[in-house]
Amino acid sequence: MKTSTSNLSLMPRVIHPQTGSTTPPGKRNCPFTKAGVESIDWKDYPTLRNFTDYFGNIKKRYYTGVSLRHQKMLRKAVEHARFMGLLPYRK
Amino acid sequence: MRQISPRAYSWGASPINPMAHTLEPTSEETRVYEIAILLPGDGADKEKSESLRNIAELFKEKEVTILKKDEWKRMGLAYKIKGQETGQYVIFYVSAKPEVLKDIDQQLKIERGVLRHLVIKLPPKYEVVDWSLHFTAWKEGLAKEEEARGHDREEELKKKIVQRATRKVLKPEKPAELRPAEPGAEISTEELSEKLGELISDENLNL
């Protein structure tokens, strides 16, 4: 859609998982690597939210396409965010 | 449009938030740390200011220099903490000696007005970002996107309605055109005319 893409340029940088992509799971590219991310912040709620499912669990790397290096960072960030009350442990 | 390379435009920095910059420790003995504090949301301003003053005193005592202070707005929590459903985050970016952190951690645990606290070492080349601004910008963007989506849906619906209306107008014309083309219909008209002739020529009829 044209309208949504024009709004995205105004929106802050939010990274989305590859869950809906046409490439088969297990062979998806890492969205963090693509964006050149060096570290994941626990305060970045808009991004962390996309990598947790309805119940508050971290989504599997197999489906999101996140690289192992970034999945480790993501886990740490989500754990910090949960401790500080930004994300739920269990919904 | 200006192209930004991924290195220069790294994590957190965005066109909305150009204030992102890296932090440097004040001396060789110190390091840069992040101390995040969660204050209760429905506490009075007096209590909040008191706990903040206590923390400032603690930092002074331990020779901790505050590089940047980021105070977020009051917001809802993901789960209840000590009976509180809302809270306020205050994030300090400090440069401190590594030995001091244990004491600070313990003191913050004892501090009454603090719900949760987190002391972490920042990764190299970490860029400080105004996260509350980031969050509000993200929410606004989401709302705008949804509005645009709604607008698109309305337009699609309108198109569909127009298409349906045009179809209804076209439908009754088509069968009228098709009927005369059928071969059976022509024969039937000839037969009909013959029968009519016979009927009219019938002598029993009193016309």
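I tried to follow the overall build of chain A on my own but got confused; where do I start?
The helix and strand tally for chain A stands at 5 helices and 0 strands. Counting from the amino terminus, chain A carries its helices and strands in the arrangement α-α-α-α-α. Residues counted as buried form 47% of the 91 residues belonging to chain A. Considering only residue pairs separated by 6 or more positions, chain A has 63% of its internal contacts joining residues 24 or more positions apart. When the accessible surface of chain A is totalled, it reaches about 5,100 Å², and 56% of it is carbon and sulfur.

I keep staring at the side chain of A:R28 and nothing clicks. Help me out?
Residue and element names in this part refer to chain A. Along the polypeptide, R28 turns up in the loop between α1 (2-8) and α2 (31-35). Within the structure, R28 has its side chain in polar contact with the side chain of S21 (distance 3.3 Å). Polar contacts involving the side chain of R28 include one to the main-chain carbonyl oxygen of Y63, which spans 2.7 Å.

Looking at this structure, how should I read the sheet that holds strand β3 (residues 65-81) of chain B?
Pairing between the strands of a sheet comes from backbone hydrogen bonds, and it takes one of two forms, parallel or antiparallel. Residue and element names in this part refer to chain B. Ordered by their spatial adjacency, 4 strands build an open sheet running β3-β4-β2-β5, and the pairing between neighbours is antiparallel. This sheet does not close on itself; its edge strands, each paired only once, are β3 and β5 (116-121). Going across the sheet, the axis of each strand differs from the next one's by a mean of 20°, ignoring polarity. Looking at chain direction, β3 and strand β4 (residues 84-96) are connected through 10 bridges and run antiparallel. If you follow E71 over to β4, its bridge partner there is V90. Together, β2 (31-40), β3 and β4 form the strand contacts of helix α1 (residues 45-61), whose direction differs from that of β4 by roughly 20°. Set on the sheet, helix α2 (residues 100-110) makes contact with β2 and β5; between it and β5 the angle comes to about 165°.

Quick question: what am I supposed to make of the packing of α1(B) against α2(B) here?
To characterise two packed helices, one gives the angle between the axes of the helices and the distance between these axes. Residues and elements named next belong to chain B. In contact at an axis separation of 11 Å, α1 and α2 are set at 160° when each is read in the N-to-C sense. By the angle between their directions, the pair α1 and α2 is classed as roughly antiparallel. Relative to α2, α1 is oriented so that their crossing is right-handed. On α2, the residues touching I55, L58 and F59 of α1 are I104, Q107 and L108. In the contact of α1 with α2, the residues fall into 5 nonpolar, 1 polar and no charged.

It is not clear to me how the nonpolar core should be interpreted in this structure. Could you clarify?
For soluble globular proteins, nonpolar side chains are generally found buried alongside one another. Counting residues in hydrophobic clusters, the biggest one holds 36 residues, and the most contacted among them are A:F32, A:W42, A:L48, B:Y89 and B:Y93. Elements with a minimum of two residues in this core: α2 and α5 (68-83) of chain A together with β2, β3, β4 and β5 of chain B. Once residues within four sequence positions are removed from consideration, A:W42 is found in contact with A:L48, A:A77, A:H80, A:A81, A:M84, A:L86, B:E34, B:A36, B:L118 and B:I120. In this structure, B:F59, B:F92, B:V94 and B:A96 belong to the second largest nonpolar core, which totals 18 residues.

How should I be thinking about the side chain of A:K43 in this particular structure?
On the secondary structure map, A:K43 appears in the loop between α2 and α3 (45-50). For A:K43, the side chain forms a polar contact with the side chain of B:Y126, separated by 3.2 Å. Not counting residues within four places of it along the chain, the set of residues in contact with A:K43 comprises A:L86, B:E34, B:W72, B:I91, B:Y93, B:Y126 and B:W131.

What is the right way to read the environment of B:E61 from this model?
Residue and element names in this part refer to chain B. Tracing the backbone through its elements, the reader meets E61 in helix α1. Judged by its relative accessible area of 61%, E61 is exposed. The spatial distance from the C-alpha of E61 to the C-alpha of I104 is 9.9 Å, given a sequence separation of 43 residues.

Which parts of the structure should I look at to understand the packing of aromatic side chains?
One pair of aromatic rings is described through two measures. These are the centre distance and the angle between the planes. Residue and element names in this part refer to chain B. Applying the stated criterion to the full structure yields 11 aromatic pairs over all chains. Note on Y93 and Y126: the rings are 6.3 Å apart at their centroids and 35° apart in plane angle, and the pair reads as tilted. In this pair, Y93 is assigned in strand β4 and Y126 in the loop between β5 and β6 (127-128), connecting sequence segments 33 residues apart. A single burial state applies to Y93 and to Y126, both of which are buried.

Just checking my understanding: could you explain a nonpolar patch on the surface for this structure?
All names here are of chain B. Together, L196, L199 and I200 make up an exposed nonpolar region whose accessible area comes to about 310 Å². Along the chain, the position of I200 falls in helix α5 (residues 183-201). On the basis of relative accessible area, I200 is assigned to the exposed category, the value being 56%.

Please explain the pairing of β4(B) as it appears in this structure.
Looking along a regular strand, one sees side chains alternate from face to face of the sheet. Residue and element names in this part refer to chain B. Among the 13 residues of β4, 11 are classified as buried, and the element is accordingly described as predominantly covered. Bridge analysis of β2 against β4 gives 10 bridges, and the strand direction is antiparallel. Residue pairing for β4: I37 is matched across the bridge by V90.

In this structure, what is going on with the pattern of salt bridges? I would like to understand it.
Close approach of charged atoms allows side chains with opposite charge to pair. Residues and elements named next belong to chain B. In the structure shown here, the tally under the stated rule is 10 salt bridges over all chains. Taking the shortest distance from any N to any O, the salt bridge between K62 and D103 comes out at 3.5 Å. Of this pair, K62 sits in the loop between α1 and β3 while D103 is found in helix α2, placing the two residues 41 residues apart along the sequence. Residue D103 is classed as partly exposed on the basis of its relative accessible area, which comes to 35%.

Reading guide: rules and limits
- Residues numbered from 1 in each chain as written.
- Chains lettered and ligands numbered in written order.
- Predicted model: local features only at pLDDT ≥ 70, side-chain atom pairs only at ≥ 80, totals over all residues.
- Heavy atoms only, no water.
- Helix = DSSP H or I, 4+ residues; strand = E, 2+ residues; numbered from the N terminus.
- Buried < 20%, exposed > 50% of the residue type's maximum accessible area, 1.4 Å probe, protein only.
- Contact = heavy atoms within 4.5 Å.
- Areas by Shrake-Rupley, 256 points an atom, 1.4 Å probe, with all protein chains shown as cover.
- Polar contact = N/O pair within 3.5 Å; in protein donor to acceptor, adjacent residues only side chain to side chain.
- Pairing = 2+ DSSP bridges.
- Axes fitted to C-alpha atoms, helices over the stretch in contact; angles between N-to-C directions.
- Parallel < 35°, antiparallel > 145°, perpendicular 65-115°, else oblique.
- Left-handed = near helix turned anticlockwise from the far one by under 90°.
- Nonpolar A, V, L, I, M, F, W, Y, C, P; charged D, E, K, R; others polar.
- Core = buried A, V, L, I, M, F, W, Y, C linked by side-chain atoms within 4.5 Å.
- Phe/Tyr/Trp six-rings, centres within 6.5 Å; stacked < 30°, edge-to-face > 60°.
- Patch = residues over 30% accessible without salt bridge, like charges linked within 9 Å, V, L, I, M, F, W, Y side chains within 5 Å.
- Salt bridge = Lys/Arg side-chain N within 4 Å of Asp/Glu carboxyl O.

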